[in-house]
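# Geometric and topological summary
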Amino acid sequence: MSGPGNRAQWASNLGFLLAAAGSAVGLGNIWKFPGKAYEGGGGAFILIYIAIIALVGATVMLAEFIIGRATQKNAVGAFCQLRPAWKWVGGMGIFTGFIILCYYSHVGGWVLYYLCGYLTDAAAISADPTAYFYRMLGVGSGFPWGGAVLFPLLFAALTVFVVVKGVAGGIERLNKVAMPLLFLLLILLMVRAVTLPGAMDGLRYMLQPDFSLLTWNDVLVALGQAFFSLSLGMGIMCTYGSYLSREENLGRNVGIICTLDTLVAVLAGFTVIPAVFATLSASGVGKGAGFVFTAMPGVFQAMPGGVFWAILFYLLLFFAALTSSISLLEGTVAYLTEQRGFSRKRASLVLGVILFGIGLIYTLSQGHADIHGIWLDKNGISYPIFGDMLEFLTDRLLLPLGGLLFCIFVGWVWGTKNGIAEVRQGGRFRFPLAGLWSLLVRFVAPAAIACILIAGIVFGVTLS
Ligand code: PFF
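We now turn to the structure provided with this report. (Residues numbered from 1 in each chain as written. Predicted model: local features only at pLDDT ≥ 70, side-chain atom pairs only at ≥ 80, totals over all residues. Heavy atoms only, no water.)

### Points about the overall build of the protein
- The secondary structure content of the protein amounts to 19 helices and zero strands.
- On C-alpha atoms alone, the protein measures out to a radius of gyration of 21 Å, which is about the 23 Å that the 2.2 N^0.38 rule sets for 464 residues.
- Counting every position in the protein, which comprises 464 residues, the buried fraction comes to 61%.
- A separation of at least 24 residues holds for 80% of the contacts in the protein among residues at least 6 apart in sequence.
- Carbon together with sulfur atoms contributes 68% to the accessible area of the protein, which is approximately 17,100 Å² in total.
- Within the protein, the 19 negative side-chain charges are centred at a point lying 12 Å from the centre of the 27 positive side-chain charges. (Helix = DSSP H or I, 4+ residues; strand = E, 2+ residues; numbered from the N terminus. Rg over C-alpha atoms; globule rule 2.2 N^0.38 Å. Buried < 20%, exposed > 50% of the residue type's maximum accessible area, 1.4 Å probe, protein only. Contact = heavy atoms within 4.5 Å. Areas by Shrake-Rupley, 256 points an atom, 1.4 Å probe, with all protein chains shown as cover. Lys, Arg positive; Asp, Glu negative; His and termini not counted. Charge placed at Lys NZ, Arg CZ, Asp CG, Glu CD.)

See below:
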């Protein structure tokens, strides 16, 4: 469907809601959140996380939607129209989103690799999950064609395919199917996990807030996680908001999207942690990509009918990753088509090739000796520095910086009066929290984000 001036628009508000929730709900919810919640004392972390989402996350999301819908433009175009001197903020956001996409889509390829692995030869994974993971990355097993090339290429091609099909015809259509399926899979998996013998200890841990385990670092971790999880700070939500008609209520949409994203993260926590407690003991809980690919196969191996549940789990991860990666690509494609005159197809294909190339170095740097060897230190120990570098640059620096600048722009430069008027649409919609939102976007959110930045850079607090 096309809007005024033939600009793409969502076909329905439900389509927009599912697409924005699809962007938010991703790998971050399913593998990052449970591990962080565990480390942060379970229930205590979850409570703090929910408070941060409500106060900071929802505030920034509304700011991004407002800028996008007010201008009906991509992140750069939006700033160009409102205050051209600020267009670099949109450009920085698009750059950040694209860099995240480069590694995110490769991890999506690993998910496909495991899905295919469970469908064809589950015994090979169960025999030694850790060895299987490193084999996929090419450690000691020659060039990893499957893990670094074939499956990431397939995942990138799927992402490009959906984006080429357009906003309503591709992104909205996929999300309308993938998101309900994702919820269904998650509920099935959660019921299975909490009914495993021994799962109650894990569930109790996640439900009983133990504030003595919560540190200031955990609060910062929750803040960083909230940003990543809600897809904020990159202008992606600005772009998605720009495809929304003025007939829709922005405030209510923000409430629904934040609730859905948080619900999925918490449900994933109530699935993964009890399952790990029941099968591997609490010491099996880990963080990061490796956790999903090394610990979870151990969980499935230890439960009856594990292969079936593993297939459902990786399918869940696949949908979550795909709906997020298409939003990351759409942010850059919208810029190239609207600001640089590219066709949608050409923009998507060119970006697809570049992201695959950069992502390839990311995957190889995780394990392959030749490329890994470039960064061998004098003791012969190698580090996946390229991957670390990308994640540091995006998660710790550019993402919070983008969010901070969005808040300053809406709160102080363009002005909250304009922002509130965009939500109210001349009185069509009520915005009872307008006063609170102004306060949050001008003071609370920037201060909180500045804390993440300073803590991450100056004190080296680990946020991932
Ligand atoms: N929100 C996604 C997740 O939780 O996995 C990741 C993501 C998607 C981050 C889109 C940023 C973005 F623009």
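### Thoughts on the packing of aromatic side chains
- All chains considered together, the criterion is met by 37 aromatic pairs.
- Measuring from centroid to centroid gives 6.4 Å for F45 and Y49, while their planes differ by 10°, and the two rings are stacked. With a gap of four residues between them, F45 and Y49 both fall in helix 3 (residues 43-71), about one helical turn apart. For the pair formed by F45 and Y49, the shared burial category is buried.
- Their ring planes at 45° and their centres at 5.7 Å tell us that F318 and F319 sit as a pair that is tilted. Taken as a pair, F318 and F319 share a single burial class, namely buried.
- We note R346 situated over the ring of F342; from NZ or CZ to the ring centre the distance is 4.5 Å.
- One residue, R442, lies across the ring of W412, its end atom 4.0 Å from the ring centre. (Phe/Tyr/Trp six-rings, centres within 6.5 Å; stacked < 30°, edge-to-face > 60°. Lys NZ or Arg CZ within 6 Å of the ring centre and 35° of its normal.)

### Description of the nonpolar core
- Membership of the largest hydrophobic core comes to 166 residues, with the highest contact counts inside it found for Y114 and Y314.
- For Y314, the contacting residues outside a window of four places in its chain are V111, Y114, L115, Y118, V292, F293, M296, P297 and F300. (Core = buried A, V, L, I, M, F, W, Y, C linked by side-chain atoms within 4.5 Å.)

### Let's talk about a nonpolar patch on the surface
- Together, W412, L433, L436, L439, F443 and V444 line one region of the surface with nonpolar side chains, adding up to about 580 Å² of accessible area.
- The topology assignment puts L433 in the loop between helix 18 (416-424) and helix 19 (434-457). (Patch = residues over 30% accessible without salt bridge, like charges linked within 9 Å, V, L, I, M, F, W, Y side chains within 5 Å. Salt bridge = Lys/Arg side-chain N within 4 Å of Asp/Glu carboxyl O.)

### Let's talk about the site of the ligand
- In the vicinity of the ligand there are 15 residues, among which A24, G28, Y104, F228 and I236 approach most closely.
- The separation between a nitrogen atom of the ligand and a polar main-chain atom of A24 is 2.9 Å.
- S229 is positioned with one of its backbone polar atoms (N or O) 3.0 Å from a nitrogen atom of the ligand.
- Protein chains bury 100% of the 340 Å² of accessible surface belonging to the ligand in isolation.
- Elements with a minimum of two residues in the shell around the ligand: helix 1 (13-24), helix 2 (27-39), helix 10 (216-229) and helix 14 (306-340).
- Residues of the shell around the ligand, tallied by class, amount to seven nonpolar, eight polar and no charged. (Near = heavy atom within 4 Å. Polar contact = N/O pair within 3.5 Å; in protein donor to acceptor, adjacent residues only side chain to side chain. Nonpolar A, V, L, I, M, F, W, Y, C, P; charged D, E, K, R; others polar.)

### Thoughts on unusual backbone geometry
- Phi angles above zero are rare outside glycine, and Q72 is one such case at about 55°.
- Residue placement: Q72 occurs in the loop between helix 3 and helix 4 (75-82).
- In this structure, S231 is a non-glycine residue whose phi angle is positive, near 60°.
- Within the secondary structure, S231 is located in the loop between helix 10 and helix 11 (236-242).
- Among the residues examined, S231 registers a relative accessible area of 8% and is labelled buried.

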